[in-house]
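# Reading the structure
Here's the letter readout for the chains.
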Amino acid sequence: MSDINSGGNYEECRNTADWLLNHTQVRPTVGIVCGSGLGGLAGMLKDPQVFKYSDIPNFPRSTVHGHAGQLVFGTLKGKPCVCMQGRFHLYEGYPIQKITLPMRVFKLMGVETVILTNAAGGLNQDFKVGDIMIIKDHVNMPGFAGNNPLAGPNDDRFGVRFPCMSDAYDRELQQLAHEVATELGYSDFLREGVYCVLGGPSFETIAECRMLHRLGGDAVGMSTVHEVIVARHAGMRCFAMSLITNRSVMDYDSQERANHEEVLETSGQRSKQMEKLVTTMLDRLDNNKNNSF
Ligand SMILES: O=P(O)(O)O[C@H]1O[C@H](CO)[C@@H](O)[C@H]1O
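Only a predicted model underlies this, so the values are computations on that prediction, with no experimental measurement involved. (Residues numbered from 1 in each chain as written. Predicted model: local features only at pLDDT ≥ 70, side-chain atom pairs only at ≥ 80, totals over all residues. Heavy atoms only, no water.)

Within this numbering scheme, the UniProt entry marks residues 29-282 as carrying the feature "domain: Nucleoside phosphorylase" (unreviewed entry). Counting secondary structure, residues 29-282 comes out at 28% helix and 26% strand; the distance between its end C-alpha atoms is 11 Å. (UniProt positions renumbered as here; feature names shortened; annotations may be inferred. Helix = DSSP H or I, 4+ residues; strand = E, 2+ residues; numbered from the N terminus.)

For helix 3 (residues 101-109), the buried fraction is high: 8 of the 9 residues fall into the buried class. For helix 3, the set of buried residues is Leu101, Pro102, Met103, Arg104, Val105, Phe106, Leu108 and Met109. Phi turns positive one or two residues past the end of helix 3, at Gly110, with a value near 110°. (Buried < 20%, exposed > 50% of the residue type's maximum accessible area, 1.4 Å probe, protein only.)

Taken together, 13 residues lie near the ligand, and Ser36, His89, Tyr91, Ser223 and His260 sit nearest. In this structure, His89 approaches the ligand through a side-chain N or O atom, which is 2.7 Å from an oxygen atom. At a separation of 2.5 Å, an oxygen atom of the ligand approaches a polar side-chain atom of Ser223. When the ligand sits alone it has 350 Å² of accessible area, and the protein chains cover 96% of it. Elements that contribute at least two residues to the shell around the ligand include exactly strand 5 (113-122) and helix 8 (260-285). Each residue belonging to the shell around the ligand can be placed in one class, and the counts come to 5 nonpolar, 7 polar and 1 charged. (Near = heavy atom within 4 Å. Polar contact = N/O pair within 3.5 Å; in protein donor to acceptor, adjacent residues only side chain to side chain. Areas by Shrake-Rupley, 256 points an atom, 1.4 Å probe, with all protein chains shown as cover. Nonpolar A, V, L, I, M, F, W, Y, C, P; charged D, E, K, R; others polar.)

Quick look at the nonpolar core now. By size, the foremost hydrophobic cluster in this structure holds 48 residues, and its most contacted members are Leu71, Met103, Phe106, Met109 and Val114. Of the residues forming this core, the biggest block, 6 residues, is contributed by helix 3. For Met103, the residues in contact, after removing those within four places along its chain, are Val33, Met84, Val114, Glu227, Val230, Ala231 and Met236. Judged by nonpolar contacts, the second largest core, of 31 residues, contains Leu38, Leu41, Cys83 and Phe239. (Core = buried A, V, L, I, M, F, W, Y, C linked by side-chain atoms within 4.5 Å. Contact = heavy atoms within 4.5 Å.)

Helix 3 packs onto helix 1 (residues 10-23) with a crossing angle of 60° between their chain directions and a minimal axis gap of 9 Å. Relative to helix 3, helix 1 is oriented oblique. Remark: the crossing between helix 1 and helix 3 carries right-handed chirality. In this structure, helix 1 uses Tyr10, Glu12, Cys13, Arg14, Thr16, Ala17, Leu20 and Leu21 to contact helix 3, whose residues at the interface are Leu101, Arg104, Val105, Leu108 and Met109. Taken together, the residues of the contact of helix 1 with helix 3 break down into 9 nonpolar, 1 polar and 3 charged. (Axes fitted to C-alpha atoms, helices over the stretch in contact; angles between N-to-C directions. Parallel < 35°, antiparallel > 145°, perpendicular 65-115°, else oblique. Left-handed = near helix turned anticlockwise from the far one by under 90°.)

Turning our attention to the pairing of strand 6 (residues 132-140). Looking along a regular strand, one sees side chains alternate from face to face of the sheet. The buried fraction of strand 6 is high, at 7 of 9 residues. Bridging between strand 6 and strand 9 (residues 237-247) involves 3 bridges; their strand directions are antiparallel. Counterpart to Met133 in the pairing with strand 9 is Ser242. (Pairing = 2+ DSSP bridges.)

What follows is about the side chain of Arg87. Among the structural elements, Arg87 can be located in the loop between strand 4 (79-85) and helix 2 (96-99). Since its relative accessible area comes to 1%, Arg87 is described here as buried. At 3.0 Å, the side chain of Arg87 and the backbone oxygen of Thr117 are in polar contact. Polar contacts involving the side chain of Arg87 include one to the side chain of Glu227, which spans 2.9 Å. The contact partners of Arg87, leaving out residues within four places of it in the chain, are Val33, Cys34, Gly35, Ser62, His67, Glu92, Leu116, Thr117, Asn118, Ser223, Thr224 and Glu227.

With that settled, consider the packing of aromatic side chains. Enumeration over the complete set of coordinates arrives at 8 aromatic pairs. Relative to Phe88, the ring of Phe59 has its centre 6.1 Å away and its plane inclined at 75°; by these criteria the two rings are edge-to-face. Taken together, the positions of Phe59 in the loop between strand 2 (46-52) and strand 3 (70-76) and Phe88 in the loop between strand 4 and helix 2 put the pair 29 residues apart, joining distant regions of the chain. Accessibility expressed as a relative area gives 2% for Phe88, which makes it buried. Judged by centre distance (6.0 Å) and plane angle (80°), the rings of Phe88 and Tyr94 are edge-to-face. Seen from the ring of Phe158, Arg104 lies directly overhead, with NZ or CZ sitting 4.1 Å from the centre. The ring centre of Tyr10 lies 4.0 Å from the NZ or CZ of Arg157, which sits over that ring. (Phe/Tyr/Trp six-rings, centres within 6.5 Å; stacked < 30°, edge-to-face > 60°. Lys NZ or Arg CZ within 6 Å of the ring centre and 35° of its normal.)

Within this structure, the stated rule accounts for 11 salt bridges. For the salt bridge of Glu12 with Lys98, the shortest nitrogen-to-oxygen distance reads 2.8 Å. Of the two residues, Glu12 is situated in helix 1 and Lys98 in helix 2; the sequence distance between them amounts to 86 residues. Relative accessible area serves as the criterion here: at 17%, Lys98 is assigned to the buried category. The shortest N-O distance in the salt bridge between Asp131 and Arg191 comes to 3.0 Å. Taken as a pair, Asp131 in the loop between strand 5 and strand 6 and Arg191 in strand 7 (residues 190-197) lie far apart in primary sequence, 60 residues in all. The network of salt bridges with common partners includes Glu11, Asp155 and Arg157. (Salt bridge = Lys/Arg side-chain N within 4 Å of Asp/Glu carboxyl O.)

Following this line, the structure appears as structure tokens:
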């Protein structure tokens, strides 16, 4: 288990949030995290102000191809936003508290809602490459082994010791996503399901894919869940989507092999629709009384 010096403690997050607030006029209420190859969303922000992760105090660096490594402030459909163009993953070698530090920084800057995207393998055999899955729940495999971003002393200024996770993914935002996707004509490739997180960086074996599928997983990846746990602990509401970039290999006769190049290629092909879905959702939030941003 990591100690409080691993990153993500209150003072460190406060310093980072204050530094950012001193360098931008934007007061974000929406935080966005872009998955592998899905950073195009950051390019949609109006009047963007861009900070390289390497220039932000206490921020880790992005090391993965397809994650630009910059924080972009601006407005999207009139909503003040902060967007991570690239995220951090356990396999990059950072302590789990460090990879989730941006969620606490979001909170301290005033963010209320977090929208996350990721690229994932499809465990559900009905899913096709290019499908977009609304995440309705997760299975935290590293968490089963005690690797949870909230392990260590709890700081009540962020949240309670034992946060509930049965409402991790906001149901109203899921409903809104379904409505918007139907209107946009995306129903044919819109799915919903359970996202399983693993530590990576090796992709899953055939036996692991079969097991995760039997356990109720519809998609598998190496991100998002740690961020959602920390965001929910701090009381922000979360909406997350997976782009199915490859089908998980379940059959010993299959010639398919998961690889990051295929992941980036597929995310590039579907990124425009994901961007449209997110921006239209943001546009709608004001028109729906239940969705106060
Ligand atoms: O989850 P995101 O950041 O989209 O990245 C996904 O893509 C990479 C594998 O190709 C892994 O990092 C996996 O988690």
